[in-house]
Amino acid sequence: MEQFQYGKKEANFIKGIAIVMMFTHHFFGFLQWINDANMYHGITINGIIVEQEIAFICKICVGLFAFTSGYAMFVNKNRYEKWSSCAQKAFKFLVQYWVVAAAFLVIGILLKEPLPTFKVFLLQSFGIHTMTGFDWSFLLMRQFDAWGGTDDLLKIVSSFATWGNVGIVGFLFAKYDMFAKMDNAVRKYIKPSLLALLDVIMILAIMALRYQTDTYLTDTNTITLDMIWAPILVYAFINFMNYICVYTRMNMGKIIEKGFVILGKYSMNMWFLHGIFFTPKKTLQWIAYFPKYPILILIWTLFLMFWCSVLIARLQNYILGRLTR
């Protein structure tokens with residue numbers, strides 16, 4: 001079995017899994033976000049909607065993104081040694097953000113969606129005001145209450161602290177090569193086939209624990225169990241997929257891996273763009289939910305947002321190319 005690696009391909013693989021989790025979390029987890037006419041046909045057991053419960057577990061997607069970002073920050077630390085490099089990175093991100101935000105604004109005007117006040121517009125232009133909502137991707141058209149002072153500031157700081165801490169764990173894992181140490185220790189005693197089975201058990205156990213226990217360990221939500229769960233899930237997902245691709249004759253394993261890698265490559269835009277279905281009037285929401293059945297909705301929205309993200313990425317690259325000439 002291949003030695004564990006967490007390079008660019010593996011990071012995109014994890015981001016691909018994370019974006020599928022995020023879509024599951026947002027499209028099925030918050031019934032209040034869905035118009036009655038668009039409600040999906042879920043499986044109900046004793047009054048509990050199964051898909052909604054699964055969606056709550058999938059909130060760990062943000063932890064996977066944060067861990068991967070922290071890990072990448074150490075791997076690419078040379079790019080952050082100079083303030084000019086940091087500024088370039090931030091500028092590139094903001095341009096990508098602004099392209100999506102502009103698209104949202106145009107669509108909002110055309111569909112006569114409620115638009116933000118000038119104050120909120122300025123805050124959202126730099127991704128600040130969106131931090132107080134459920135989903136950063138709601139961008140310009142998501143209606144939030146005006147800032148009320150320290151309470152909102154605390155929410156923003158808490159949000160940064162929560163996922164920032166998971167990012168720090170990722171940074172430390174890269175700095176001290178923790179995955180290699182874990183992998184070497186494990187492989188001394190466990191055969192690849194048994195390790196693959198344990199990977200599946202770990203994934204299911206973490207999902208179950210996340211469902212049964214409170215994720216946050218402090219009242220301010222700054223310390224989360226995702227600091228533990230995220231690296232374990234990263235290891236288990238990648239290790240299991242490596243086993244499928246190397247030790248079985250299933251070409252389907254490599255196809256699945258490649259699919260997640262491609263999704264991961266465009267995951268940021270997919271994260272941003274899927275908020276278009278949850279605007280204040282939810283004018284376009286029917287497009288996402290018309291298949292009615294959750295698995296079909298998930299496949300359809302991933303397909304739709306992937307190709308929208310590819311087109312947006314080309315526009316972003318064109319604009320960045322023009323600005324950095």
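Each remark here, short or long, concerns the structure printed above.
These lines cover the structure that appears in this document, whether it is placed above or below. (Residues numbered from 1 in each chain as written. Predicted model: local features only at pLDDT ≥ 70, side-chain atom pairs only at ≥ 80, totals over all residues. Heavy atoms only, no water.)

### Section: the packing of aromatic side chains
Counting across every chain of the model gives 27 aromatic pairs. Where Phe27 meets Phe278, the ring centres are 5.3 Å apart and the plane angle is 50°; that geometry is what we call tilted. In this pair, Phe27 is assigned in helix α1 (residues 8-29) and Phe278 in the loop between α11 (267-273) and α12 (285-289), connecting sequence segments 251 residues apart. On the basis of relative accessible area, Phe278 is assigned to the buried category, the value being 0%. Across the ring face of Phe74, the terminal group of Lys77 is positioned such that the distance to the ring centre comes to 4.3 Å. (Phe/Tyr/Trp six-rings, centres within 6.5 Å; stacked < 30°, edge-to-face > 60°. Helix = DSSP H or I, 4+ residues; strand = E, 2+ residues; numbered from the N terminus. Buried < 20%, exposed > 50% of the residue type's maximum accessible area, 1.4 Å probe, protein only. Lys NZ or Arg CZ within 6 Å of the ring centre and 35° of its normal.)

### Some thoughts on helix α8 (residues 192-212)
With 21 residues, α8 extends 30 Å from end C-alpha to end C-alpha; this agrees with the ideal 30 Å at 1.5 Å per step. Turning to α8, its buried residues are Leu195, Ala196, Asp199, Ile203, Ile206, Met207 and Arg210. One side of α8 carries all its buried residues, which in axial view fall inside an arc of 120°. What points out from α8, more than 90 degrees from its buried face, is the exposed set Leu204 and Gln212. (Expected span 1.5 Å × (residues − 1). Arc of directions from axis to C-beta.)

### Here we look at the pattern of salt bridges
By the definition in use, this model includes 3 salt bridges. Its salt-bridge partner being Asp183, residue Arg187 comes within 2.6 Å of it at the nearest N-O pair. Of this pair, Arg187 and Asp183 both sit in helix α7 (residues 178-187), 4 residues apart, which is roughly one turn of that helix. Under the relative-accessibility criterion, Asp183 is labelled buried at 1%. (Salt bridge = Lys/Arg side-chain N within 4 Å of Asp/Glu carboxyl O.)

### Brief notes about a nonpolar patch on the surface
Together, Ile168, Leu172, Tyr176 and Met178 line one region of the surface with nonpolar side chains, adding up to about 350 Å² of accessible area. With respect to the element layout, Ile168 can be found in helix α6 (residues 150-175). What makes Ile168 partly exposed here is its relative accessible area of 46%. (Patch = residues over 30% accessible without salt bridge, like charges linked within 9 Å, V, L, I, M, F, W, Y side chains within 5 Å. Areas by Shrake-Rupley, 256 points an atom, 1.4 Å probe, with all protein chains shown as cover.)

### Remarks on the nonpolar core
Most often, soluble globular proteins have nonpolar side chains that are buried together. If you look at the biggest cluster of nonpolar residues, it comprises 81 residues, and the most contacted ones within it are Tyr6, Ile19, Met21, Phe67 and Phe179. Dropping the residues within four chain positions of it, Ile19 is found in contact with Phe65, Leu263, Ser267, Met270 and Trp271. (Core = buried A, V, L, I, M, F, W, Y, C linked by side-chain atoms within 4.5 Å. Contact = heavy atoms within 4.5 Å.)

### Some remarks on the side chain of Thr68
With respect to the element layout, Thr68 can be found in helix α3 (residues 61-75). The exposure class of Thr68 is buried, given its relative accessible area of 6%. There is a polar contact of 2.8 Å between the side chain of Thr68 and the side chain of Tyr6. Each residue touching Thr68, except ones within four places of it in the same chain, is listed here: Tyr6, Ala11, Ile14 and Lys15. (Polar contact = N/O pair within 3.5 Å; in protein donor to acceptor, adjacent residues only side chain to side chain.)

It is worth stressing that arrangement in space is one thing and function is another; only the former is reported here.
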